[in-house]
Amino acid sequence: MPYDKYLNEFCDIIDTYGGRDKVMKALCYGAKLISGYYGDRQPELAKRYAIASSRISGARATLRLIDDIPMIQYALEYGLGKDESDSIMAVLGVAANIVDLLYYPVEKICWLAEHKIVDIKNPDYWDNVNTIFWVVGVYLNLMRNIRSFGLNQQKINNIKQTTKDNPDLEKILKKHRIEMLTLLRLTLDFIHAGSYLPKGYLWGGKLSTLQIGAVGTASAAIGIYQIFAKRRLNK
């Protein structure tokens, strides 16, 4: 039956860490979206969904406690980006890796403080530092993907001009469309991350719960769709 195929594919996705995190992200911000929508209409219902969103967010944060280990491995393998297509991509890649390597230890400090495992004099300061690393990391990845998208577009234009019939062109175009969605997803992530900055910085504190839920849910939905699209493209 057709639904068996989709069910098996979905189970394969949530068997991976990245796939499961994106599904949990969708549930987290979907609950926040509902909480924001019912905030003034049914406060008690909104509170329940806010609690659900908070619990799922906390679970995601707990799972990220060991993310620095694969991040260190990735950064070491990436090195100075010698395999990148140009120096700009390499600089952006190295900078993004450095920010990520700083982000994870700070997030651990915030997690330990939140759960009263260690005493920190100024937890708000560490929360702000954590958010800044988050915003900068997303921004660098967005700039890197914009650059990559532009370079890929140039390659596609060259292929179209030099070769009339290229059997691989359709697959290249499909990958390019998926990367276009990556730009949209990272833009949403940047808007989302910036909303958690202290008031007075970018749009920190200016988005409502409903808006944050909508942005986060849309980003998660795009991420899940991309996983399905990439799996089908690689078959």
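The rules behind the values
- Residues numbered from 1 in each chain as written.
- Predicted model: local features only at pLDDT ≥ 70, side-chain atom pairs only at ≥ 80, totals over all residues.
- Heavy atoms only, no water.
- Helix = DSSP H or I, 4+ residues; strand = E, 2+ residues; numbered from the N terminus.
- Buried < 20%, exposed > 50% of the residue type's maximum accessible area, 1.4 Å probe, protein only.
- Contact = heavy atoms within 4.5 Å.
- Areas by Shrake-Rupley, 256 points an atom, 1.4 Å probe, with all protein chains shown as cover.
- Lys, Arg positive; Asp, Glu negative; His and termini not counted.
- Charge placed at Lys NZ, Arg CZ, Asp CG, Glu CD.
- Core = buried A, V, L, I, M, F, W, Y, C linked by side-chain atoms within 4.5 Å.
- Phe/Tyr/Trp six-rings, centres within 6.5 Å; stacked < 30°, edge-to-face > 60°.
- Axes fitted to C-alpha atoms, helices over the stretch in contact; angles between N-to-C directions.
- Parallel < 35°, antiparallel > 145°, perpendicular 65-115°, else oblique.
- Left-handed = near helix turned anticlockwise from the far one by under 90°.
- Nonpolar A, V, L, I, M, F, W, Y, C, P; charged D, E, K, R; others polar.
- Salt bridge = Lys/Arg side-chain N within 4 Å of Asp/Glu carboxyl O.
- Disulfide = S-S within 2.5 Å.

Colleague: Would you mind showing me how to read the overall build of the protein here?
Modeller: For the protein, the helix and strand inventory stands at 8 helices and 0 strands. Moving toward the C terminus, one meets the helices and strands of the protein in the order α-α-α-α-α-α-α-α. When its C-alpha atoms are laid out on the principal axes, the protein stretches across 60 × 50 × 35 Å. Within the protein, the proportion of its 235 residues that are buried is 36%. In the protein, 68% of the contacts between residues at least 6 apart in sequence involve partners at least 24 apart. Summing over all exposed atoms, the protein offers an accessible surface of approximately 14,700 Å²; the carbon and sulfur share of this is 60%. Charge centroids of the protein, computed over 31 positive and 24 negative side chains, lie 4 Å from each other.

Colleague: What is the right way to look at the nonpolar core in this model?
Modeller: In a soluble, globular protein the nonpolar side chains are often hidden away together inside. Val135, Val138, Phe190, Ala193 and Leu197 form the largest nonpolar core, which has 5 residues in total. Listed by contribution, the elements that provide at least two residues to this core are helix H6 (123–162) and helix H7 (169–194).

Colleague: What is the right way to look at the packing of aromatic side chains in this model?
Modeller: By the definition in use, this model includes 7 aromatic pairs. Aromatic pair Tyr103 and Tyr104: ring centres 5.4 Å apart, planes at 70 degrees, arrangement edge-to-face. Classification of Tyr103 as buried rests on a relative accessible area of 12%. Between Tyr139 and Phe190 the ring centres are 5.6 Å apart and the planes differ by 45 degrees, which places this aromatic pair in the tilted class. Within this pair, whereas Tyr139 is found in helix H6, its partner Phe190 is found in helix H7, the two being separated by 51 residues in sequence. Ring pairing ties together the aromatic residues Tyr139, Phe190 and Trp203, which thus form one cluster.

Colleague: Looking at this structure, I do not really get the packing of H7 against helix H8 (residues 209–233). What am I missing?
Modeller: Helices that pack against each other are described as a pair by the angle of their axes relative to one another and the distance between those axes. For the pair H7 and H8, the least separation of the axes is 9 Å and the interaxial angle reads 160 degrees. Of the possible angle classes, the one that applies to H7 and H8 is roughly antiparallel. As H7 packs across H8, the resulting crossing turns out to be left-handed. A breakdown of the residues in the contact of H7 with H8 according to their chemical character gives 12 nonpolar, 5 polar and 7 charged.

Colleague: What should I look at first to understand the pattern of salt bridges in this one?
Modeller: Opposite charge on two side chains allows them to pair when their charged atoms are near. A full pass over the atoms with the stated rule returns 8 salt bridges. Salt-bridge contacts for Asp21 lead to Arg60; the nearest nitrogen and oxygen are separated by 2.9 Å. Remark: Arg60 occurs in helix H3 (residues 43–63) and Asp21 occurs in helix H2 (residues 17–37); sequence separation between them is 39 residues. Neither Asp21 nor Arg60 differs from the other in exposure class; each is buried. Measuring nitrogen to oxygen at the nearest pair gives 3.2 Å for the salt bridge that ties Lys25 to Asp189. Of this pair, Lys25 sits in helix H2 while Asp189 sits in helix H7, and the two are 164 residues apart along the sequence. The buried category is assigned to Asp189, whose relative accessible area is 12%. Among the charged side chains, a salt-bridge network with shared partners connects Lys25, Arg185 and Asp189.

Colleague: Would you take a moment to explain the environment of Ser219 for this structure?
Modeller: With respect to the helices and strands, the residue Ser219 is situated in helix H8. By relative accessible area, which is 1% here, Ser219 ends up buried. Linking Ser219 and Val138, residues 81 residues apart in sequence, is a C-alpha distance of 13 Å. Look past the residues within four positions of Ser219 in its chain and what remains in contact with it is Lys25, Arg185, Leu188 and Asp189.

Colleague: Sorry, what's going on with the state of the cysteines here?
Modeller: Within this structure, the stated rule accounts for 0 disulfides. With no disulfide partner, Cys110 has as its closest neighbouring cysteine sulfur the one in Cys28, 17 Å distant.

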